[in-house]
Amino acid sequence: MMRVLVVGGGGREHTLVWKLSQSPQVEKIYCAPGNAGIAPLAECVPIGAEEVEKLQAFAREKEIHLTVVGPEAPLMEGITDRFRENGQLIFGPCRKGALLEGSKAWAKRFMTRYGIPTGEYEIFTSPGDAYTYLERCSFPLVVKADGLAAGKGVIITESLEEARRAVHYIMEEKAFGSAGDSIIIEEFLEGEEVSVFAVTDGSTYLAFPSAQDHKPIYDGDRGPNTGGMGAYSPAPVLTAEMYKEVEEKIFKPVVRGMQEEGITYRGVIYGGLIVTAKGIKALEYNARFGDPEAQVLLPRLQSDLFPILYEASRGNLAAVPEPQWTDDVVVCVVMASAGYPGSYEKGKEISGWEKVPAMENAIVFHAGTALKNGKIVTNGGRVLGVTAWDPSLKAALEKAYSITELVTFEGAYFRRDIAHRALGRM
Ligand code: GLY
């Protein structure tokens, strides 16, 4: 029987813990730091997701068999390299592999080296060169900070003036700190976005079904970007034929490229894709499960998640039988604190749990929540991921939205148009 440590404390980690807790192979789960929803399923330990040394010592002390890393920051800190050096099994790519997410410039060059379809781009390390280049560009264009910028480092610009402002903001005002030492100026691609993940052990991979995220804060995809305000799976924009194209052009070249570069990549390859008139292109890669996409994918997984993550971490994914997925449509509506993605207050009591009858085909995943004096309170921007499933998309949406009327907190905000693109295709 296995002891597992899950690193992180958001909706994605609640989903991972929930799914792992169903495994007959898992005896005990710890989560660092966890949240109020994770607490009934796992022992939450007060260690931050980026406190690599403490996590390592904890994993050693508790004789953890597998550590599963949720967010990107510890991967970029080199958590995997540290665990591996000490013979501790961990799910997540090493620091070099995590550059796929941690450096957009590195990722773009990697995509070019391995023929992965993506937008045309130029990389700049000096603002002067970027301004000169912009003079001969047509618009719209995308200006991206190279490094991690909490999902805010991508600016779509409609004019030379806007593009110059974006370069100034990122490179000269240093809005995202050293993440803006380099920038990418990139072609704007027209199309519908879709997320597809694959778990890889470095030589083979297992692709998950498609999902679609909703990044802007307001209905109709307006307003500033967030970490993601809701998701659903499957995303009908991706036909079966396109899915094959994703495997061939998006996942296989990454696995081959990592191998050729001597990088042992054992973790998630997150394809942030766009379906354009000229085929599927990669907007970006991430090195971990998406959030809230994980909340709609893992409930569709009928098979045990533990052996998938365990064998991938051991380089032995081929030993895992083909996983089974339900045909249900899963939707997730994110309930956020008032003011998010700007500043917001914490500590609002979340009430109404008793009004939700024993939830069938639904679960409320916790993101930013904490326990205070025996009560569940808000503790972050994204607070809850209300997730429901059904063979019918409409019924799944009805169920999720009915729960948002019951479980609530002061200032709770959520989008009311989750899955609008899929509904539009019906
Ligand atoms: N849902 C977007 C992300 O996880 O980056």
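Shown above is the structure to which this text applies.
The rules behind each value
- Residues numbered from 1 in each chain as written.
- Predicted model: local features only at pLDDT ≥ 70, side-chain atom pairs only at ≥ 80, totals over all residues.
- Heavy atoms only, no water.
- Pairing = 2+ DSSP bridges.
- Helix = DSSP H or I, 4+ residues; strand = E, 2+ residues; numbered from the N terminus.
- Near = heavy atom within 4 Å.
- Polar contact = N/O pair within 3.5 Å; in protein donor to acceptor, adjacent residues only side chain to side chain.
- Areas by Shrake-Rupley, 256 points an atom, 1.4 Å probe, with all protein chains shown as cover.
- 1 Å grid on protein atoms, 1.4 Å probe; cavity = no way out; pocket = protein on both sides within 12 Å on 5 of 7 lines; lining within 4 Å.
- Points joined across faces, edges and corners; volume = space filled by probe spheres on them.
- Nonpolar A, V, L, I, M, F, W, Y, C, P; charged D, E, K, R; others polar.
- Axes fitted to C-alpha atoms, helices over the stretch in contact; angles between N-to-C directions.
- Disulfide = S-S within 2.5 Å.
- Buried < 20%, exposed > 50% of the residue type's maximum accessible area, 1.4 Å probe, protein only.
- Contact = heavy atoms within 4.5 Å.
- Salt bridge = Lys/Arg side-chain N within 4 Å of Asp/Glu carboxyl O.

A word on the pairing of strand β20 (residues 375–378)
Summarising the sheet, strand β19 (residues 369–372) and β20 pair through four bridges and their orientation is antiparallel. From the neighbouring strand, Thr369 faces β20, where its bridge partner is Thr378. Taking the residues that link successive antiparallel strands as the turn, the β19-β20 hairpin has two residues, and the phi of Asn373 there is positive, at about 50°.

Focus: the sheet that holds strand β4 (residues 66–69)
Taken in spatial order, the five strands of this open sheet run β3-β2-β1-β4-β5, and their pairing is parallel. Unpaired on one side and paired on the other, β3 (43–44) and β5 (90–91) mark the two borders of the sheet. Pairing geometry for β4 and β5, over two bridges, is parallel. Bridge assignment links Thr67 to a residue of β5, and that residue is Ile90.

Remarks on the site of the ligand
Near the ligand you find Asp213, Lys215, Gly227, Tyr270, Asn286, Arg288, Gly290, Asp291, Pro292 and Glu293, and these make up its full shell. Backbone polar atom of Gly227 to a nitrogen atom of the ligand: 3.3 Å apart, as the coordinates give it. Contact distances for the ligand include 2.9 Å between a nitrogen atom and a backbone N or O atom of Asp291. Relative to its free-state accessible area of 200 Å², the ligand is covered by the protein chains to the extent of 89%.

What to know about empty space enclosed by the protein
One pass over the structure, following the stated rule, counts four cavities of 30 Å³ or more. Of all elements in the fold, only α5 (95–102), α6 (104–113) and β16 (279–286) reach the threshold of two or more residues within the lining of the largest cavity. Across the lining of the largest cavity, the residue classes break down as five nonpolar, one polar and six charged. Put simply, the second largest cavity is a space of about 50 Å³. What lines the second largest cavity is simply Gly11, Asp291, Gln295, Val334, Ala367, Arg382, Val383, Leu384 and Gly385. Looking at the lining of the second largest cavity residue by residue, the class counts come to four nonpolar, three polar and two charged.

With respect to the sheet that holds strand β9 (residues 183–187)
Strands sit in the order β6-β9-β7-β8 across an open sheet of four strands; the sheet is antiparallel. Of all strands in the sheet, those with a lone pairing partner are β6 (121–124) and β8 (154–157), marking the two edges. Neighbour-to-neighbour, the strand axes of this sheet turn through a mean angle of 20°, independent of strand direction. Where strand β7 (residues 141–145) lies against β9, five bridges are found, and the strand directions are antiparallel. Looking at β9, one finds that Leu141 is bridged to Glu187.

A word on the state of the cysteines
Counted by the stated rule, this structure contains zero disulfides. Its sulfur unpaired, Cys31 is 5.5 Å from the next cysteine sulfur, which belongs to Cys44. Overall, the relative accessible area of 0% leaves Cys31 in the buried class. Free cysteine: Cys332, not disulfide-bonded; nearest cysteine sulfur from Cys31 at 17 Å.

Comments concerning the side chain of Thr326
Here Thr326 is to be found in the loop between α11 (305–313) and β17 (329–336). Judged by relative accessible area, which is 16%, Thr326 ranks as buried. A distance of 3.3 Å separates a polar side-chain atom of Thr326 from the backbone nitrogen of Asp328. Beyond its immediate stretch of four places on either side in the chain, Thr326 contacts Arg300 and Gln302.

Side note on the layout of surface pockets
In this model, the second largest pocket occupies a volume close to 260 Å³. Around the second largest pocket, the lining comprises 15 residues; the ones closest to its centre are Leu206, Ala207, Glu322, Pro323 and Trp325. Contributing elements (two or more residues each) for the lining of the second largest pocket: β11 (205–213) and α9 (240–260). At five residues, β11 tops the list of elements feeding residues into the lining of the second largest pocket. Each residue belonging to the lining of the second largest pocket can be placed in one class, and the counts come to twelve nonpolar, one polar and two charged.

What about the pattern of salt bridges?
Using the criterion set out here, one finds 27 salt bridges in the structure. We note a salt bridge from Arg288 to Glu72, for which the minimum N-O separation is 3.2 Å. Of this pair, Arg288 sits in the loop between β16 and α10 (293–297) while Glu72 sits in helix α3 (residues 72–77); the two residues are 216 residues apart in sequence, bridging distant segments of the chain. Accessibility expressed as a relative area gives 13% for Arg288, which makes it buried. The network of salt bridges with shared partners includes Asp221, Arg415, Asp417 and Arg421.

Observations concerning α6
With seven of its ten residues buried, α6 lies for the most part within the structure. Turning to α6, its buried residues are Lys104, Ala105, Trp106, Ala107, Lys108, Phe110 and Met111. Gly115 occupies a position one or two residues after α6 and carries a positive phi of about 65°.

In short, the description is geometric, and any link to function would need to be established separately.
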